[in-house]
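Chain by chain, the residues:
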Amino acid sequence: MLTYEFILRTGQPSTTPEHEVMLNYDINDYKSKTELTRARLFNSITSAIRTYQHLIKLDDLASQLGQFNLQLEQKVKQRTQELEKSNLELTAALNELTQTKALMQEQQQQLIHSEKLASIGQLAAGVAHEINTPLGYVSSNMETLKDYLSTMRQSWKLIERHAPEQFEKLNEQYDLDYICDDATELVESVFSGLKRIKSISGDLGNYSQLEKSPSNNVDIHDDVIQLALNMVYSELHNNVTIDYTPSRLPSITCYPIELSQVIVNLLLNANDAIAMQAGIEGLITINTHVKEHYLYIQVNDNGCGMDDATLKKLFDPFFTTKPIGSGTGLGLSISHKIVDIHGGKLTVESELNKGSTFSIAIPLR
């Protein structure tokens, strides 16, 4: 608040020193009686009044400036809030677009994956059919050949019994005993190979049948794990061994082909992890057991393992540790969804340079 300033003219001078009067009574000037002529007094009063008027104007301008600054601050604050709100809305929209794009890419890749599986299924069915046709007559011919060899061996024994001298001579000349024994072993070996081909052909046929509904009374060993093993054996590196001893398990209701695909993905990933761990004898161990209404399938490897950062992103779509062009990053994501469809859980424990253990838990039904 502004104060008025007066010039007081008295008849008697004060005994108080001038400087104390100015300091103690807020006086800006002190003039003695001899100095205050009429003209000097007019000038002093006029100067003081003009100074006061200027101060009034400055105070008014300062008040206006304060109100303007306050209004400006309010407008800036309001505008800042509007910009922050717009920024949050844009960020939310961008996140939504990013999630939508990722979802679309995932769905597109899954569609491509499904189409590939369907194409592979058709190819597998065709290959299985083409294998089964020659397999049938080769098996039939081998059965006939086996009978022929049996007849020849019986005839050879009759010769040995009724003409021992001729038998010894012929046997020494042509080593017929060895030929008979070796021919029998060769036939058995061929039968073993045909049985293996028949098994692979059956697996190809099974792999081409992607189920639309779950199957009942599924044998996890024969219908899931063994099927997966048959599919990946040819892909394993030379230094990789699979240790698998079937245990007694109850039959369950599941999608055996899709569940077998999960095992295939885990085995191939373990194979790749071992390849990244130089100078070791690779070992993949498959264990199965039942605990608390769940059937567990565990796949353990002694490969390169993973750090915590990799584990956090492991099941994210398109995440891969493989070089560009070597993988889609969808194998474990799809595997996780397949297990989830079964109402189960797919988990992993891993330590860098010490290997990984993937665990599939499927509820018993």
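Remember, it's a predicted structure, so these values are computed and weren't measured experimentally.

Thresholds, definitions, all that
- Residues numbered from 1 in each chain as written.
- Predicted model: local features only at pLDDT ≥ 70, side-chain atom pairs only at ≥ 80, totals over all residues.
- Heavy atoms only, no water.
- Axes fitted to C-alpha atoms, helices over the stretch in contact; angles between N-to-C directions.
- Helix = DSSP H or I, 4+ residues; strand = E, 2+ residues; numbered from the N terminus.
- Parallel < 35°, antiparallel > 145°, perpendicular 65-115°, else oblique.
- Left-handed = near helix turned anticlockwise from the far one by under 90°.
- Contact = heavy atoms within 4.5 Å.
- Nonpolar A, V, L, I, M, F, W, Y, C, P; charged D, E, K, R; others polar.
- Pairing = 2+ DSSP bridges.
- Expected span 1.5 Å × (residues − 1).
- Buried < 20%, exposed > 50% of the residue type's maximum accessible area, 1.4 Å probe, protein only.
- Core = buried A, V, L, I, M, F, W, Y, C linked by side-chain atoms within 4.5 Å.
- Patch = residues over 30% accessible without salt bridge, like charges linked within 9 Å, V, L, I, M, F, W, Y side chains within 5 Å.
- Areas by Shrake-Rupley, 256 points an atom, 1.4 Å probe, with all protein chains shown as cover.
- Salt bridge = Lys/Arg side-chain N within 4 Å of Asp/Glu carboxyl O.
- pLDDT = per-residue confidence, 0-100.

1. Observations concerning the packing of helix α5 (residues 220-232) against helix α6 (residues 256-275)
Next up, step 1: Contact geometry of α5 with α6 gives a least axis separation of 8 Å together with a crossing angle of 45°. With respect to α6, the axis of α5 lies oblique. For the pair α5 and α6, the crossing hand works out as right-handed. Residues Ile 220, Asp 223, Val 224, Leu 227, Ala 228, Leu 229, Met 231 and Val 232 of α5 pack against Pro 256, Ile 257, Leu 259, Ser 260, Ile 263, Val 264, Leu 267 and Leu 268 of α6.
Next up, step 2: Taken together, the residues that form the contact of α5 with α6 break down as 14 nonpolar, one polar and one charged.

2. Focus: the sheet that holds strand β2 (residues 240-244)
The strands that make up a sheet are held in pairs by hydrogen bonds between backbone atoms, and each pair lies either parallel or antiparallel.
Next up, step 1: Pairing is mixed in the open sheet, where five strands are placed in the order β2-β4-β5-β7-β6. Taken across any chain shown, the strands that pair with only one partner, and hence form the sheet edges, are β2 and β6 (345-351). Taking each pair of neighbouring strands and ignoring which way they run, the sheet shows an average axis angle of 15°.
Next up, step 2: Relative to strand β7 (residues 355-363), strand β5 (residues 294-301) is paired through eight bridges, and the arrangement is antiparallel. If you follow Leu 295 over to β7, its bridge partner there is Ile 362.

3. Details of α6
Next up, step 1: For α6, with 20 residues, the first-to-last C-alpha span of 29 Å sits near the 28 Å given by 1.5 Å per residue.
Next up, step 2: The element α6 is largely enclosed, with a buried count of 16 among its 20 residues.

4. Some points on the nonpolar core
Next up, step 1: One finds Ile 220, Leu 267 and Ile 360 to be the most contacted residues of the largest nonpolar core, which totals 38 residues.
Next up, step 2: Ranked by the residues each element gives to this core, the list is headed by α6, at eight residues.
Next up, step 3: Among residues more than four places away in sequence, those in contact with Leu 267 are Leu 229, Val 232, Ile 242, Ile 284, Ile 286 and Val 299.
Next up, step 4: Of all hydrophobic cores here, the second largest spans five residues; its members include Leu 135, Met 142, Val 187 and Phe 191.

5. Concerning a nonpolar patch on the surface
Next up, step 1: Nonpolar side chains collect at one region of the surface, where Leu 65, Phe 68, Leu 72 and Val 76 lie side by side and expose about 370 Å² of accessible area between them.
Next up, step 2: Looking at the element boundaries, Phe 68 is found in helix α2 (residues 38-162).

6. Things to note about the confidence of the model for the chain
Next up, step 1: Of the residues in the chain, 78% reach a pLDDT of 70 or more, and the chain-wide mean stands at 80.
Next up, step 2: No element of the chain has a lower mean pLDDT than helix α1 (residues 18-24), at 71, and none a higher one than β5, at 95.

7. Focus: the environment of Val 240
Next up, step 1: Structurally, Val 240 can be placed in strand β2.
Next up, step 2: Using a relative accessible area of 10% as the deciding quantity, one classes Val 240 as buried.
Next up, step 3: C-alpha of Val 240 to C-alpha of Asn 271: the two residues are 31 residues apart in sequence and 7.1 Å apart in space.
Next up, step 4: Non-local contacts of Val 240, meaning those with residues more than four positions away in its chain, are made with Asn 271, Ile 274, Gly 282 and Ile 284.

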